[in-house]
Amino acid sequence: MGALTGLTVLDLSRVLAGPWCGQILADLGAEVIKVERPKVGDDTRMWGPPWMLNNQGQLTKEAGYYQAANRNKYSVAIDIASEEGQQLIQEMVKDADVLIENYKAGSLAKYGLDYATLNKINPQLIYCSITGFGQTGPRAEEPGYDFVIQGMSGLMSITGEENQEPQKVGVAVADIQTGLYATVAIQAALWSRLTTGKGQHIDLSLLDVQVAALANQGMNFLTTGKSPVRMGNAHPNIVPYQLFKAKDKDFIIACGNDKQFRDLCIAIERTDLLERSDYLTNKDRVANRNKLIAILSAHFLAHAANYWVERIHAKKVPVGMINSIEDALNEPQIQARQMIVNIPHLQNQAFNMIASPIKLSETPIEYRNAPPQLGEHTFKILKRYKSDAQLNQLNEKGIIDGKANKEYEEKINID
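Remember, predicted model here, so these are calculated numbers, not experimental data.

What counts, and at which threshold
Residues numbered from 1 in each chain as written. Predicted model: local features only at pLDDT ≥ 70, side-chain atom pairs only at ≥ 80, totals over all residues. Heavy atoms only, no water. Helix = DSSP H or I, 4+ residues; strand = E, 2+ residues; numbered from the N terminus. Buried < 20%, exposed > 50% of the residue type's maximum accessible area, 1.4 Å probe, protein only. Contact = heavy atoms within 4.5 Å. Areas by Shrake-Rupley, 256 points an atom, 1.4 Å probe, with all protein chains shown as cover. Salt bridge = Lys/Arg side-chain N within 4 Å of Asp/Glu carboxyl O. Core = buried A, V, L, I, M, F, W, Y, C linked by side-chain atoms within 4.5 Å. Pairing = 2+ DSSP bridges. Axes fitted to C-alpha atoms, helices over the stretch in contact; angles between N-to-C directions. Phe/Tyr/Trp six-rings, centres within 6.5 Å; stacked < 30°, edge-to-face > 60°. Lys NZ or Arg CZ within 6 Å of the ring centre and 35° of its normal. Right-handed = clockwise from strand over helix to strand, strands pointing away. Polar contact = N/O pair within 3.5 Å; in protein donor to acceptor, adjacent residues only side chain to side chain. Patch = residues over 30% accessible without salt bridge, like charges linked within 9 Å, V, L, I, M, F, W, Y side chains within 5 Å.

### Details of the overall build of the chain
- Each helix and strand counted, the chain has 17 helices and 14 strands in total.
- In terms of overall dimensions, the chain has C-alpha extents of about 85 × 50 × 40 Å along its principal axes.
- Taking all 415 residues of the chain together, the buried fraction comes to 46%.
- Expressed as a percentage of contacts within the chain between residues at least 6 apart in sequence, the contacts between residues at least 24 apart total 68%.
- For the chain, the exposed area adds up to about 21400 Å²; of that, 53% sits on carbon and sulfur atoms.

Structure, rendered in structure tokens:
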């Protein structure tokens, strides 16, 4: 039994931020029902290649992007543009604790699926809206994309090499962080509901989240009035804390305090640097950054990266190689933490995913279901609200799509 077992979530979101939140809640034990468009589904279902291979080693239509954010969910295909589809979701809302959506601000009102309407149906509903720019402000009705948000938020102005073009981060960090903030906000609202008995509307903006996540860099500006700039792999507040080039390849040193710097100098046999007042404290090292980095950079060219990493690591100074994703997933530490899990998929019994990083001692994460196929659970879930005859009629009219569900039940028993 998971920590959130008994919680019912309707996930009307698509792409990444909302689905990421939904997957976290599902991992924690909530029943998350993913509501998708018939025959189309979540946009990311078609964001391939790469595509999953089936049991015979053939390509499927299951995109890796979609699979990254949708495990442990049930997929129900409903046409929300139809009046009958809207009524069906309103019926489901009566039993729901949480609804997640990431439609443009105000656009669900025409379907009767906005917060004001659904709050009247279920006053205890926690309704989480995730948009690019929020529910208010001059850009509220515009769609938001992670890449654009990374640029607008200032993140790209501090990412990349000095005097070269700005760079986005290699994953959609604004989306991922918004999914995490949404998870926190939903659980806070659920806790509040215990005392008030009332649900509430959560308004989350990718732009707000990424600005908040500027952390020390945002505060550096507010402190000095000067915008931080791109510094490559260097740190604006700590020295030495960056990438260095060895004889064969690059590696990373991250000295977080003066003791670590002393231990670093001992490890690399440069204790002469400890005799210079220019480098005794972090404040001194930041002020004399260029001189110190030039000395260290020349020194590290004498040996291979592994040589330096082993010596520095022995002194317990933060140091590491730059792994490929393959290298990272093969790290002994990652394997020891069981960060790759097998979750058999209908089309691929050997299907693997990156695990949740959440480790709970009493209510551990359970990997119950692989990311669902479109409409896989339409009939299974909607039997709670409609008779078989009614569901068949809705299916024939295209209001719902239960084809995938029927094929699924023919192949394996899900109950």
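Now that the structure has been shown, the text picks up again.
### Considering the pattern of salt bridges
- This structure, assessed with the given rule, holds 18 salt bridges.
- Linking Arg37 and Asp43 is a salt bridge whose minimum nitrogen-to-oxygen distance equals 3.5 Å.
- A residue is classified by how much of its surface remains accessible, and Arg37, at 39% relative accessible area, is partly exposed.
- Arg285 is paired through a salt bridge with Asp258; the nearest N and O atoms lie 2.8 Å apart. Remark: Asp258 occurs in helix α9 (residues 258–267) and Arg285 occurs in helix α10 (residues 282–287); sequence separation between them is 27 residues.
- Residue classification places Asp258 among the partly exposed residues on the basis of a relative accessible area of 25%.
- Taken together, the shared-partner salt bridges connect Glu36, Arg45 and Glu62 into one network.

### Observations regarding the nonpolar core
- Ranked by internal contacts, the top residues of the largest apolar core, which has 29 residues, are Val9, Leu25, Ile100, Ile130 and Ile186.
- Of all the secondary structure elements, the ones that give two or more residues to this core are α1 (17–27), β6 (98–101), β7 (126–131), α6 (173–196), β8 (200–205) and α7 (206–212).
- Contact partners of Ile186, with chain neighbours within four places excluded, come to Cys21, Leu25, Val98, Ile100, Ile126, Cys128 and Ile202.
- If you look at the next biggest cluster of nonpolar residues, it comprises 28 residues, including Ile33, Val35, Val93 and Leu99.

### Digging into the sheet that holds β6
- Strand order across the open sheet formed by seven strands is β8-β7-β6-β1-β2-β5-β14, with mixed pairing between neighbours. Lying at the two open borders of the sheet, with one neighbouring strand each, are β8 and β14 (400–401).
- Relative to β8, β7 is paired through six bridges, and the arrangement is parallel. Note on β8: the bridge partner recorded for Cys128 is Ile202.
- Against the sheet, α6 makes contact with β6, β7 and β8, and its axis sits at roughly 165 degrees relative to β8, the strand it touches most.

### Topic: the packing of aromatic side chains
- Scanning the model with the defined rule gives seven aromatic pairs in all.
- Between Phe251 and Phe300 the ring centres are 5.2 Å apart and the planes differ by 80 degrees, which places this aromatic pair in the edge-to-face class. Linking Phe251 in strand β10 (residues 250–254) with Phe300 in helix α11 (residues 289–300), this pair joins segments that are 49 residues apart in sequence. Exposure class is identical for Phe251 and Phe300. Each is buried.
- An aromatic cluster of three or more residues is present, and its members are Phe244, Phe251, Phe300, Tyr307 and Trp308.
- When the ring centre of Tyr66 is taken as origin, the NZ or CZ atom of Arg45, which lies over that ring, is 4.0 Å away.

### Description of the pairing of strand β1 (residues 8–11)
- In β1, alternate side chains face the same way, and those of Thr8 and Leu10 on one face and Val9 and Asp11 on the other are all buried.
- The pairing of β1 with strand β2 (residues 31–36) spans four bridges and is classified as parallel. By the bridge assignment for β2, Leu10 is matched with Ile33.
- Handedness of the β-α-β unit built from β1, α1 and β2 comes out right-handed.

### As for the side chain of Thr60
- Among the structural elements, Thr60 can be located in strand β4 (residues 59–63).
- In terms of polar contacts, Thr60 uses its side chain to reach the backbone carbonyl oxygen of Met52, at 2.8 Å.
- A polar atom in the side chain of Thr60 sits 3.1 Å from the backbone nitrogen of Glu62.
- Setting aside its immediate chain neighbours within four residues, Thr60 contacts Trp51, Met52, Leu53, Asn54 and Gln347.

### Concerning the sheet that holds β10
- The three strands are arranged β9-β10-β11 in an open sheet whose pairing can be described as antiparallel. Two strands in the sheet have a free side with no partner beyond their single neighbour: β9 (241–245) and β11 (319–321). Between one strand axis and the next, the sheet turns by 25 degrees as a mean value, whatever way the strands run.
- Here β10 runs beside β11; their pairing, made up of three bridges, is antiparallel.

### Let's talk about a nonpolar patch on the surface
- A surface patch of nonpolar side chains, amounting to about 360 Å² of accessible area, comprises Ile325, Leu329, Ile340 and Ile354.
- Position of Leu329 relative to the elements: it lies in helix α13 (residues 325–329).

### Remarks on the side chain of Thr44
- Following the sequence through the fold, Thr44 ends up in the loop between β2 and β3 (51–53).
- Apart from the residues within four sequence positions on either side, Thr44 is in contact with Val15, Ala63, Tyr65 and Tyr66.

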